[in-house]
There are 2 protein chains.
Amino acid sequence: MESSWVPDIDPASDFSLANIPFGIISTPDDPAPHAAIAIGSYALDLKVLSTAPDLLSQLSPNIPGLASAFSQPTLNTFASLGRPIHRQVRSALQNLLSTTTTHPSLLRDNPPLRARALLPQSTIRTHLPMAIGDYTDFYAGYHHAFAVGAMFRGPAHALQPNYLHLPVGYHGRASSIVVSGTPIHRPTGQILLQPPQAGEQQPQPVTGPSRKLDIELELGCFLGRGNEMGRGIGVDEAEEYIFGYVLLNDWSARDVQTWEYVPLGPFNGKNFASTVSPWVVLADALEPFRTRGVQVEGRPEVLGYLREGRAEGVFDIALEVDLMTAEGDTTTIGRTSSKNLIWSFPQMLAHHTLGGCPMRAGDLLGSGTISGPGGVNERGSLLEMTENGKKDVLLAGMDARTFLKDGDTVTLRGFCGEEGARVGFGECRGRIYSALQ
Amino acid sequence: MESSWVPDIDPASDFSLANIPFGIISTPDDPAPHAAIAIGSYALDLKVLSTAPDLLSQLSPNIPGLASAFSQPTLNTFASLGRPIHRQVRSALQNLLSTTTTHPSLLRDNPPLRARALLPQSTIRTHLPMAIGDYTDFYAGYHHAFAVGAMFRGPAHALQPNYLHLPVGYHGRASSIVVSGTPIHRPTGQILLQPPQAGEQQPQPVTGPSRKLDIELELGCFLGRGNEMGRGIGVDEAEEYIFGYVLLNDWSARDVQTWEYVPLGPFNGKNFASTVSPWVVLADALEPFRTRGVQVEGRPEVLGYLREGRAEGVFDIALEVDLMTAEGDTTTIGRTSSKNLIWSFPQMLAHHTLGGCPMRAGDLLGSGTISGPGGVNERGSLLEMTENGKKDVLLAGMDARTFLKDGDTVTLRGFCGEEGARVGFGECRGRIYSALQ
């Protein structure tokens, strides 16, 4: 991989020249949110770049509307230009930022433009990258589904009968998606403190702050294109509908969820907040990291609409969960990989639209919690790590947790590739504050 | 109630002077969707009215932005002006259209403006009235929940333990909401034709058009105002967040739903389409029709955040379901009332936001299927009328149904009040077409 002339890129940076993820920023000079990419410890302001006519025409020959797309407060317009355009623009930006750029005068050797366009990330603010029409959360993390099912029903009945046949999912709450760094207030909820006792006439729920506030380590997928209502998306054409990927922490109040979820699924246990990382890694940037998803012995063949032409349906992205206490001690409590999915995003999309459900550019699909097959340090939720609060997770600073305490900060990280050419997501971070009500 | 000078208002019209519901229309002269109200068999074009400066200043003294709100392609801007403004504008429009109007010269005695603004509904097209950020469907129809629960678990366990303690609900799919008249294609889905037999190793699902396509008769509630993330909406302030009401047919594929819904709730069985009536009946118009919801003997007292200051939390709206066959024979297969809810919309809203979930103007809440306590002709779904396909619903024309056939048209109707002063919803209609895939 070529290197970039952008100064001081750490070899361990998620934002190497091989990545070029897109996001929405505001800057001291321009507080209106607009598009940028991340490169090393800098953001390259695409709205500023768009004001340089030579540069834009170099970057985007024959792409009408690109300058306008880069001035929007979300990436939806850019996303809906389609994957061939994303590919062309990413490639042109890689050329522009490469040490071997064919157009050094446009940016590298243009100090005034560099000063305006190449901004230290510490000086800018990131915003939610997409206007999300609908958010759907799947349950495709096989080892998570198995572990949680085994916890409540025993290993013989861990998976529901439908699990190996269709990507189970539910509709989430689009309004509750926030960008990394947004404070998370512990939700208040209706909770059953004790399961109903034998002979007890009535359960006695109470109202109070959740006592079982948890994380869910997920991969999120943003769509760049929609389908006509009534017409499904074929599994092998689904890639063309995908814009890119983010990390997703689907904060969960387990005690609220346990009491509310029968028979219609999770509701207030999930809809108070979900955090996404700010930089959308384009689908093309992850192509080199494809691999096969979870293989289950004796699994029945899936129905035709879910059968993919390509075996490598998922990505091998290293994922980590850090927990920092209010005292500032940080522990990596979980490490796994996004290859631990049993359904690919194209399969999720083909299933989601089988009945004709309309998708729109900006829609977000979550993978479901991702856990590895191994021990508690490979798990993507505290529910699993602590066996629903029965065991402690030990932390640095002589501390321990079953579920999250006020003042805790959880940071998800994810990356693939060699040092110097990493494709990563940056941070998906949220700090827990006490309940507001 | 006063009468209107608008010609030929049928005493049975849903759109009496007592109503004044708001919608979005396009017209032969102005194909860009914009705001209107319904009066008798006419639509009064509010964008045209806004071009008459005297009239607008009469209608809206001190309401900045009203003309602009009426030119928008959705009612979201108008809705977010708040209930006091809705009240003021509705009252001014009632005055304008009354036989005893204090301003006859503005419209009644202004033939050129009348010709441009008062349009037969047969000449205009209605559109989805709101841009819906999120759609939530509740399960507050007590007799429906009881009947469906009894069907699958027996009457002793009909209601889940949480049912009397919290308004059970789930997140629906906002992109799938369509306006009355939009064709509904039978969804294709993954279906288990036979429940797994004893000794069978694996269930054998198939892909195919749903064989159990059903309706759900619901009342829909549009919000006009949002809350700050993390801050709940108190049950007694919730009315101020409500813009108005529509009829809602939450089309359901029962066979898809049965197989998919464990453990995360309904998904493809619901997300292919839901139909709303085009005219939003303002919350104020329904105030005279308040009544108490379902009273259940021995019901435990609800928790404080759900306790309403007012006993009359729901409305007594007469509801009807018509089924017309492809041959044109129409049968009213169900009649009930919206008073058959055990939770009010303020209670649903207080519960939805208890954990801080953010609401936005334009969000849609569905009541859940509404059925009466009586026989099969009081039911809001074919699932109940036919006991999940075991019994026929008899139709005019010597026909019968268990679930819907291609070519069937289902029309929901709802109204309250005396003839001549009815407050009704018009039609919520959809025709079933064969699966597209």
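On a predicted model such as this, the values are computed, not experimentally measured, just so you know.

About the criteria used
Residues numbered from 1 in each chain as written. Chains lettered and ligands numbered in written order. Predicted model: local features only at pLDDT ≥ 70, side-chain atom pairs only at ≥ 80, totals over all residues. Heavy atoms only, no water. Helix = DSSP H or I, 4+ residues; strand = E, 2+ residues; numbered from the N terminus. Buried < 20%, exposed > 50% of the residue type's maximum accessible area, 1.4 Å probe, protein only. Contact = heavy atoms within 4.5 Å. Areas by Shrake-Rupley, 256 points an atom, 1.4 Å probe, with all protein chains shown as cover. Lys, Arg positive; Asp, Glu negative; His and termini not counted. Charge placed at Lys NZ, Arg CZ, Asp CG, Glu CD. Domains from an automatic or database assignment. Buried area = accessible area lost by both parts, 1.4 Å probe. Salt bridge = Lys/Arg side-chain N within 4 Å of Asp/Glu carboxyl O. Polar contact = N/O pair within 3.5 Å; in protein donor to acceptor, adjacent residues only side chain to side chain. Nonpolar A, V, L, I, M, F, W, Y, C, P; charged D, E, K, R; others polar. Least-squares fit on C-alpha atoms with pLDDT ≥ 70 in both. Pairing = 2+ DSSP bridges. Disulfide = S-S within 2.5 Å.

Topic: the overall build of chain A
Here is step 1: A tally of helices and strands in chain A yields eleven helices and 27 strands.
Here is step 2: Principal-axis analysis of the C-alpha atoms gives chain A an extent of 80 × 55 × 35 Å.
Here is step 3: In chain A, buried positions account for 61% of the 437 residues.
Here is step 4: Within chain A, contacts between residues separated by at least 24 positions form 73% of all contacts whose residues are at least 6 apart in sequence.
Here is step 5: For chain A, the accessible area works out to roughly 15600 Å², and carbon and sulfur atoms hold 51% of it.
Here is step 6: Here chain A contributes 34 positively and 45 negatively charged side chains, and the mean placements of these two sets differ by 2 Å.

A short note on the domain arrangement of chain A
Residues and elements named next belong to chain A.
Here is step 1: Under the domain assignment used here, chain A contains domain 1 (22-127) and domain 2 (135-433).
Here is step 2: The C-alpha centroid of domain 2 is placed 31 Å from the C-alpha centroid of domain 1.
Here is step 3: Taken together, the contacts link 20 residues of domain 1 with 17 residues of domain 2.
Here is step 4: Among the residues of domain 1 in contact with domain 2, Phe 22, Arg 83 and Arg 90 are the three that bury the most area, contributing 41% of the side total.
Here is step 5: Here domain 1 and domain 2 share four salt bridges between them.
Here is step 6: Arg 83 is the partner of Glu 239 in a salt bridge, and the nearest nitrogen-oxygen pair spans 2.9 Å.
Here is step 7: If you look at where domain 1 meets domain 2, you find five residue pairs in polar contact (both at pLDDT 80 or more).
Here is step 8: Elements with a minimum of two residues in the side of domain 1 that touches domain 2: β1 (22-26), β2 (34-39), α4 (76-79), α5 (83-97) and β5 (125-127).
Here is step 9: When residues of the side of domain 1 that touches domain 2 are assigned to their parent elements, the largest contribution, five residues, is made by α5.
Here is step 10: Looking at the side of domain 1 that touches domain 2 residue by residue, the classes come out as eleven nonpolar, six polar and three charged.

A word on helix α10 (residues 345-352) of chain A
All names here are of chain A.
Here is step 1: In terms of burial, α10 is a largely internal element, eight of the eight residues being buried.
Here is step 2: The complete set of buried residues in α10 reads Phe 345, Pro 346, Gln 347, Met 348, Leu 349, Ala 350, His 351 and His 352.
Here is step 3: Where the residues of α10 are buried, they touch β6 (135-138), β7 (169-171), β13 (217-223), β14 (242-249) and β22 (364-366).

Focus on the relation of the copies chain A and chain B
What connects the two chain copies is a rotation about an axis and a shift along it.
Here is step 1: Superposition record for chain A on chain B: RMSD 0.0 Å, screw rotation 180 degrees, translation along axis 0.0 Å. The transformation just described matches what one would write down for a two-fold rotation axis. If distances are taken from each C-alpha of chain A to the rotation axis, the shortest is found for A:Gly265, at 2.1 Å.
Here is step 2: Both copies present the same face, since 100% of the interface residues in chain A are matched by interface residues at the equivalent positions in chain B.

Some words on the pairing of strand β10 (residues 188-191) of chain B
Residues and elements named next belong to chain B.
Here is step 1: Covered by surrounding structure in β10 are Thr 188 and Gln 190 together with Gly 189 and Ile 191, the residues of both alternating faces.
Here is step 2: Relative to strand β11 (residues 206-209), β10 runs antiparallel, the two sharing four bridges. Across the sheet, Thr 188 pairs through a bridge with Pro 209, a residue of β11.

As for the state of the cysteines
In protein structure, a disulfide is the covalent linkage between the sulfur atoms of two cysteines.
Residue and element names in this part refer to chain A.
Here is step 1: Overall, the coordinates contain zero disulfides over all chains when judged by the stated rule.
Here is step 2: Cys 416 forms no disulfide, and the closest cysteine sulfur to it belongs to Cys 221, at a distance of 14 Å.
Here is step 3: Residue class for Cys 416 comes out buried when judged on its relative accessible area of 4%.

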